Each structure stands twice: as C-alpha cells, then as structure tokens.
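# Coordinates in review
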Amino acid sequence: MTHRFLYLFVLGALSSFGQSVSGGTILGVVKDQSGAALQGVEIKIANYLTNFKSAAITNDLGAYRLNNLPFNSYHLELKSKEFSTLTRDIDVRNQVPLALDFTLKISDQRTELDVHALGDEVLENVPYAHTDADANLLRHLPLHSAGSKLSDAITYASPGVVADSDGFFHPLGDHAQVGFSVDGQPITDQQSKRFSTQLPVNAIQSMELITGAPNAEFGDKTSLVVNTVTKSGLGIDRFSGENWLSYGSFGSIGSENSFAVGQKNWGNFLVANAERSGRFLDTPEFKPSHAIGNSETIFDRFDFQPDSKNSIHMNLMGARNWFQIPTTIDAPDTDQRQLTKTMNFAPSYQRVLSPNALFSANAFFRRDDVDFFPSRNPMADNPVSAGQSRQLTNSGFRTDLAYVKGRINFKTGVQYVHTGLQERFALSITNPDDFEGAVPASLLPYVLGQPGYRPFLFQEKGRVNQLAWYAQNSYTLGNLVVNLGLRVDRYNGLVSKTALQPRGGFSYRLKKTGTILRASYSRTMETPYNENLLLSSSTGSGGLAANVFFGFGSAPLNPGGRNQYNAGFQQAIGSHFIVEADYFWKFTRNAYDFGVLFNTPITFPISWRKSNIDGLSVRVSTREWRGLQAFTTLGSTRARFFPASTGGLLFASPIEAGNVFRIDHDQKFQQNTHLRYQHKRGPWMAFTWRYDSGLVTTGVGSCEDAVFLSDSEKRAIGFAGSASKCDSTLIRIPQTGTENDDHNPARMKGRNLYNLSAGHDNLLGGDRRKLSLRFGLVNLTNQVALYNFKSTFGGTHYVTPRAFSAAIGFAF
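One structure accompanies this document, and this report is about it. (Residues numbered from 1 in each chain as written. Predicted model: local features only at pLDDT ≥ 70, side-chain atom pairs only at ≥ 80, totals over all residues. Heavy atoms only, no water.)

Moving on, we get to the environment of Ala630. Position of Ala630 among the secondary structure elements: in strand E33 (residues 628-647). Placed 100 residues apart in sequence, Ala630 and Leu730 show a C-alpha to C-alpha distance of 31 Å. Not counting the four nearest positions on each side in its chain, Ala630 is found in contact with Val620, Ser621, Thr622, His674 and Leu675. (Helix = DSSP H or I, 4+ residues; strand = E, 2+ residues; numbered from the N terminus. Contact = heavy atoms within 4.5 Å.)

Another point: a negative patch on the surface. Negative charge collects at one region of the surface, where Glu704, Asp705, Glu739 and Asp741 lie side by side. In this fold, Glu704 is placed in helix H5 (residues 703-706). (Patch = residues over 30% accessible without salt bridge, like charges linked within 9 Å, V, L, I, M, F, W, Y side chains within 5 Å. Areas by Shrake-Rupley, 256 points an atom, 1.4 Å probe, with all protein chains shown as cover. Salt bridge = Lys/Arg side-chain N within 4 Å of Asp/Glu carboxyl O. Lys, Arg positive; Asp, Glu negative; His and termini not counted. Charge placed at Lys NZ, Arg CZ, Asp CG, Glu CD.)

Next up on the list: the packing of aromatic side chains. Think of a pair of aromatic rings as described by two things: how far the centres are apart, and how the planes are tilted against each other in angle. According to the stated counting rule, one finds 24 aromatic pairs in the structure shown. Centre to centre, the rings of Phe239 and Phe259 are 6.2 Å apart; their planes meet at 0°, and the pair counts as stacked. Taken together, the residues span a long stretch of sequence, with Phe239 in the loop between strand E16 (224-230) and strand E17 (240-248) and Phe259 in strand E18 (residues 252-263) at a distance of 20 residues. Looking at Phe239, the relative accessible area reads 48%, which means it is partly exposed. The partly exposed category is assigned to Phe259, whose relative accessible area is 23%. On the numbers, 6.1 Å between centres and 40° between planes, the contact of Phe669 with Tyr691 is tilted. Taken as a pair, Phe669 in strand E35 (residues 667-678) and Tyr691 in strand E36 (residues 683-692) lie far apart in primary sequence, 22 residues in all. For Phe669, a relative accessible area of 33% corresponds to the partly exposed category. Among the aromatic residues, those joined into a cluster by ring pairs are Phe168, Phe195, Tyr529, Tyr592 and Phe594. (Phe/Tyr/Trp six-rings, centres within 6.5 Å; stacked < 30°, edge-to-face > 60°. Buried < 20%, exposed > 50% of the residue type's maximum accessible area, 1.4 Å probe, protein only.)

Below, the discussion takes up the sheet that holds E16. The strand order E10-E15-E16-E13-E14 describes an open sheet built from five strands, whose pairing is mixed. Sheet topology places strand E10 (130-134) and strand E14 (185-187) at the edges, where each strand pairs with a single neighbour. With strand direction ignored, the average angle separating the axes of adjacent strands in the sheet is 15°. Pairing of strand E15 (residues 204-210) with E16, which is carried by six bridges, proceeds in the antiparallel orientation. By the bridge assignment for E16, Ile204 is matched with Thr230. Most of the contacts of helix H3 (residues 149-157) go to E15, to which it runs at about 50°, and overall it touches E10, strand E13 (178-182), E15 and E16. (Pairing = 2+ DSSP bridges. Axes fitted to C-alpha atoms, helices over the stretch in contact; angles between N-to-C directions.)

This part takes up H3. Every α-helix winds through 3.6 residues per turn, so residues three or four apart in the chain are directed the same way. Within H3, nine of the nine residues are buried, leaving the element largely enclosed by the surrounding structure. Among the residues of H3, those classed as buried are Lys149, Leu150, Ser151, Asp152, Ala153, Ile154, Thr155, Tyr156 and Ala157.

Our focus in this paragraph is a positive patch on the surface. A surface patch of positive charge is lined by Lys53, Arg238, Arg681, Arg768, Arg769 and Lys770. As for its position among the elements, Lys770 is in strand E42 (residues 770-778). Under the relative-accessibility criterion, Lys770 is labelled partly exposed at 32%.

In this section: the pattern of salt bridges. Taken as a whole and assessed by the stated rule, the structure comprises 32 salt bridges. Here Glu77 makes a salt bridge to Lys79, at a shortest N to O gap of 3.8 Å. A salt bridge links Arg662 to Asp666; the nearest nitrogen and oxygen atoms lie 3.0 Å apart. Accessibility assignment for this pair places Arg662 and Asp666 in one class, buried. Through salt bridges with shared partners, one network takes in Arg640, Arg662, Asp666, Asp742 and Arg747.

The next point concerns the environment of Pro159. You can see Pro159 is positioned in the loop between H3 and strand E11 (161-163). For Pro159, a relative accessible area of 7% translates into the label buried. For the pair Pro159 and Ala581, spaced 422 residues apart in sequence, the C-alpha separation works out to 9.2 Å.

Turning our eyes to something else, we now look at empty space enclosed by the protein. Enumeration according to the criterion identifies 11 cavities of 30 Å³ or more in this entry. Space inside the largest cavity adds up to approximately 410 Å³. Here the lining of the largest cavity takes five residues from E10, the largest share from any one element. Estimated volume of the second largest cavity: approximately 200 Å³. If you go around the second largest cavity, you meet 21 residues; those closest to its centre are Thr188, Asp220, Gln415, Val417 and Gln466. Put simply, the parts of the chain that give the lining of the second largest cavity at least two residues each are E14, strand E23 (357-373), strand E25 (408-429), strand E26 (456-477) and strand E27 (480-492). Residues of the lining of the second largest cavity, tallied by class, amount to seven nonpolar, nine polar and five charged. (1 Å grid on protein atoms, 1.4 Å probe; cavity = no way out; pocket = protein on both sides within 12 Å on 5 of 7 lines; lining within 4 Å. Points joined across faces, edges and corners; volume = space filled by probe spheres on them. Nonpolar A, V, L, I, M, F, W, Y, C, P; charged D, E, K, R; others polar.)

Once that is clear, we can look at the environment of Asn744. With respect to the helices and strands, Asn744 occurs in the loop between strand E39 (731-732) and strand E40 (747-748). The class for Asn744 is partly exposed, based on a relative accessible area of 31%. Taking C-alpha positions, Asn744 is 21 Å from Ser645, a pair spaced 99 residues apart along the chain. One polar contact links the side chain of Asn744 to the main-chain carbonyl oxygen of Thr738, over a distance of 2.9 Å. (Polar contact = N/O pair within 3.5 Å; in protein donor to acceptor, adjacent residues only side chain to side chain.)

Glancing now at the nonpolar core. The biggest cluster of nonpolar side chains holds 38 residues, and the ones touching the most others in it are Phe425, Leu427 and Leu597. Sorting the residues of this core by element identifies strand E24 (384-405), E25, E26, helix H4 (533-539) and strand E31 (577-596) as the ones contributing at least two each. Considering every element that reaches this core, the biggest residue donor is E25, with four residues. The next biggest cluster of nonpolar side chains, apart from the first, holds 31 residues, and it includes Phe180, Val201, Leu224 and Phe631. (Core = buried A, V, L, I, M, F, W, Y, C linked by side-chain atoms within 4.5 Å.)

When E17 meets strand E45 (residues 803-811), the two strands line up antiparallel, connected through seven bridges. Of the residues in E45, the one forming a bridge with Leu245 is Ile808. Inspection of the sheet shows E42 paired to E45 by nine bridges, in the antiparallel sense. Its bridge partner being in E45, Ser772 is matched across the sheet by Gly809.

To continue, consider the state of the cysteines. Under the defined criterion, the tally for this structure stands at one disulfide. Disulfide partner of Cys703: Cys726, at an S-S distance of 2.0 Å. Between Cys703 and Cys726, the S-S torsion sits near -85°, and that sign places the bridge as left-handed. Highlighted residues: Cys703 in helix H5 and Cys726 in strand E38 (residues 726-728), separated in sequence by 23 residues. You can call Cys703 buried: its relative accessible area is 0%. Judged by relative accessible area, which is 9%, Cys726 ranks as buried. (Disulfide = S-S within 2.5 Å.)

For the rest of this paragraph, the subject is a nonpolar patch on the surface. The grouping of Tyr403, Ile408, Phe410, Tyr475 and Leu477 at the surface amounts to a nonpolar patch, some 400 Å² of accessible area in total. Residue assignment for the nonpolar patch shows that the elements contributing at least two residues are E25 and E26. Within the element layout of this structure, Ile408 appears in strand E25. Ile408 gets classed as partly exposed once you look at its relative accessible area, which sits at 34%.

As structure tokens, then:
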C-alpha cells in the first residue's frame, strides 16, 4: 500500500512539469534611469568566507536569474561599461525566489555602495551555529579515505566533530547522530562505509553543517544536520566536464568524472567515480593486512523549468562498496568480506504560488543491501564466526509551503517515511577462551564443537513508519531575529511514540562592534538506529550474552527525548577575521550508541538510560588576503552516559552496570587548522594540522586490566610494566587504584597529524580547456596512533600511516 501511494505521488509530481531548485534563487530586472531594460549587465555574487561565486548576464529584457545558491550572506555586484557599478549585501535564507530589481545610473566613475557595518557581508544573523562549506573548499581539503571522503570533509570543516575510524565521526558528543538533507531529501540512516555508501563529494555544490539547535523542519537525528545542495547543469550553455585520474599509496587508484549539459530551462549533471585501495578500512595493525576494497558510484541530477512558476528536480544514485575486513598478524587465515549496494531515486516539484509563496513536494526511495561473509574456515574467525545479510529500504514524501514577506519567513510541512527492515544473521562461537570471563550458559549451545552445537540463527522482517508535521517562523525586527518552531513526530515501529517538540531561539546584531549574539532551545525525539534494529531489540538488557534469546529481559529499543541548549556569538575582527563560538548542553533520556561485534564491521544499536553531554566549539575564519586563506576549528566535549543498557549482541569489553562512565565520544580537546595559499591563478599549496587529545577507551581500564591482555595486544599498544604500575606508548592507562570510569578513564594518547597538498588548476592557462595536477601527503610525520582499542563501540583501529597521492585532471 505504501509503495503504491509513493508511485502515484511520483507520477503526479512528474506530470505537473516541475522541479525543485534545491538552493536559493535571486532574480529580477535591471533598468536605466529612464526605465529602459539594460542588456549585458554582469551580475556577480560572492561569499568571502566560503569563496562561493556565481554570475549571470542580463538578457534583452534586462532580466537575470541566479540559481542553486547556498543559504548564506552574500555580496552582490552589478557592472556595465556605461553605468556606475552598484553593490549590495544580501541574505539568502530560503527557497522562495528573492526578487531584486535594480536601476543603474550613468557612469560618473563612482561606485554606488550599501552603507554597512563591520563584517556585514560575512556575518550571519541567525540563531543557530553552523559552518558553510562549498565546492571550492572541498576540492582543496585532504580527503584521502577511500569510500568516505564526505566524512573527511565534514570532520575537517565543522567544529565540535571528533574523528573516529572507518569514516565515523562523533558530532557534539553523540555517535553518528547525523541527519542529511540532500536537495530536500531527508536521509537519517547511517552513511559511514561500514553501513552504506556516500554521496560523492564532487557532486556537492555546498553544505550547511548545522551544529546548533535545529529548525523544526529537521528531525530524527539532529546532533549534526548536513543540509546539502548538489551541483546542477541548469543554465549551462555548453557541454562541460572534469575528469581526474589518481594513484597513491597502498596501491590506490581512482577515477572521478563529472559532466554538465543544459540550457536556460533544463540541465543535467552526472558524476561517475571509481576507486580501489589496499587500505579501504582502518586497520587493527599500523601496517595494513587483508584490507583491499573498492567503491563505484554514479550520481545524476536532472533539472527542468518549463516556465517561471514550475520546476522539476530528479536525483538518481547507484553505488557499491566491496571490501575485505582487515586482519591482525596473529590471524593470517581470516578472510572476512562485505558487499554494500545502494540505490536512490528522489524526484521533486516546486511551484511559485506568488512572489512571496513557494510550494515544494519531494518523493524518495532509497535502499541499502549489506552482505557480510565470514571466513570459509569458521575456525579462522576468532572468537566468533558470523554472517549477515540485511536490507534497509526508505520510501516516503515531504511537502512544505514557504512564505516570505517583510519581516516574516514562515515554513510549514509534512513528512512521511516508511522504513522496511530485513535481517538475516548467523553466529557460532569458535574460541570461548577469548571472551571476557566465562561464556554464559545461554551461549554454550552456540560453541562450535560442543555437544549439542547449533549455530545461532536469526531471520526477521519489520517496518517503521514515521509521520511528522512542522511549522517554523523566523521574525526579523531590526537587529533582532527570533525563530520559533514546533514539530510533532509519530513513530510506529517495534514500539509507538508521539512527541511534541517545541524549538526557539534568537540572535541579535550589534552593528557598532560587528557582533552577533545568539541562544536557542530545542526539544527533539531521538529515534533508534535502524541497522540491525530487529535483532538488537530482541536481545534485551545487557545484550545476547545476558539473555536466552527471546527469553527474560528481551525488550525493543524505544525512541528517546532530548533537551538541548545552545548559546554563542559571532564576532568580526576587522574586515578579514570572523570568530564564532558555541556552548552546547544536551540531556537525553534513552540515549543511543552502537555495540560492535568484536573487530568486525557488524554493529548493533544500544540504548542507555540517559546521557549528559556538554561542550564548546569554536571556529576562526579568514577572508582571502593576497591569495592566503585559513580557518581553525576547536572543540571540547564531555559525554557522560548512565547504565543500564538495552540491546546489542556480544560485548568485547562490557560496561559495569550502574556506573556512570565516559563513552568513547568523549574527548577533552581537538583542533583542525587549514591554510591555503594560491598565487593569483597559478599554483596553490594547502597545509592541514589535526590534533586530537584522545578518545576514551573501554578496552582497558587500569594497569591491573592491562596485564591480562594477550601478547599481541600488549605489543600493539606498546605496553610495559606490571599490575601496580605501567605505561603505554599509545594509551593513557590509569595506575591501579586511580581508575574511575567517570573522572579518570583510560584514553588514547594525543596525536598530531599533518597533511600537505599542492597543485595547479590550469597548467596551460586555457579559458575552456584546463589541465590540472594535484599532489597530497597525509600523516606527514608517519605518527603511529590509535583511534580506539578493543572498544565496545568501535573495536581497534590505527590511523592512516604516511601516504601519498597524485592526480591529473582535465576540464573542458
């Protein structure tokens, strides 16, 4: 019934001759003082922090149109030979077309300017903290992780985000609580390469990374909202493209290709990428072994605007990841693999109802198929041999009405998502001696070779239906902006829940000092992760090891509720620097995380009774000055979680019941600095410095615990000492008697990772055809460091060893 409804909705949208322009739009007419239309006037728009730029030229009617603009503050400039140059500072905050007509004066060698305060063209008077990243920044960041370059980009660009292994990252103290909005399509399931495939970075026009209190239109996973606009071929008057071939360490080869074609009322943008690496996943040894993987992605965006009021937009994506599971030196015969396939289809329609109102309708269908294969010899997998085949399907729609007039910026809408779940899982215990303590009696039947042995088998189907209504309004009164919103979610899955979620915030501009002050509150419903939700909900409190399957203690995972508070400021320093800081505090009942099945990529959702997370994020940015531009992000997070837990499967390092503890999202300090210099339009160089003080680890609690590690584990962490006093080159291990899960937990030691890149975007100096070169070096000093160690939530993984890459590109 759901898919039949979706089909009819999509058919109706396509028959309406429309397309969603996912970003903002500026349009209007340029005239002279007599009222005559001016043809050939050049109109440029730019943001000096992100370096986003776009341009248009008026036609014979004096009309112009700028499409697909990221929501941001801009400097707009109009130029014509016989007329004075005119400039304006403007804000683009929604999809309702912004109509701006201009009258140019006869040239008297002067420029007509807006009189504006300090930093007006880059300060954003909005109540929520966020970071803007566009294609120009993305192409110069050190995006080196095979299959997860989007995760790299988010980690480098956004403050308060802690890096973890395999493309995981922790936004503001939460694990993978990330919601994506891709051209209006909501995607809240996991996007790391362990779970799915990612949107290719060379398809992205811009990202708004929202770390503050989210507007009411965003729900489900909201610690970080990635509001993404993809590239479009709309309005391109000639066939163009860009092709890159790359080679690097670990036998890495890649090909990135993009093509754009269109006219004024239609356009198509296509991306086709492929890559292979000998270190596809982060490895449990510094030197990778059995870590080959490959990824292939095709993305296509089609736009059609039959007239000035209607527009259609269509996103299509197909992707595939195949990879080996990395092994350790003492497990040479292990041969685990995983195959992930993604299919995505998302049409949408927009109609301009009036100069102030816009109706939008989005439909979407997305499916992930994940197959995990154990070693052919089950005894080669230690301490368990497991196999998995699961399917996760999202389908639904979203409609909204936006109205903008004067001081009012109003939006209301409805969103429906149907998630179909299919899970098949098998497990046998191959080495019970490697468990933490004795194997529980409930698991003895699954020990391979024991009398009465049988594999643990699970096969189930389920569904989750989510319906939401939201309304939000941004009201501007002089220098004060007030946001008020309300969201109502109905969750029907293994359990049912309805949540009323009020949200509000304000920002105030102090013009004389170039300051924005802001504060906000949001109530959100945090929904369980859908990956392996059925099995995890059947294992109950303490996981499978604490319960006979379907026996006492089995319980479904319930949605959680969160209160979040944010307060911060944005400060312009002169005309070249912007400092932005935000303090956050989040209190959640029924907080979520993942439990990993030993060192495999198989994970299961876990809920904890509550969590208390707070921290600070800071970003310092500069405008471009004589070819030099830089930004620095800083963050600190305290993430305290409170047992008991529900769900999971088998814990490699169980958390003691009843004790509040710091989870492995907790990091005292991290910073990322990115410097880039380009000599005019010539060669460029970029330098990135990433420092992490170290995540909490649950793999070892004190010296007394460390002495029971295996010889290979002790070697891996550089352990030396005894049960009473010890040291490690890679982990800060509390001395016996001083350990405390809340105030003095074990942590990874701090690490400094330096990356260097250089290139030239136009070696031959051509206007249309350009030859480019690019070189990169990550982990310049080849520092040996761990993301995590025997973590219940992540396993053991090293950072990337020193690696180089080289690429040649051709654009036309």
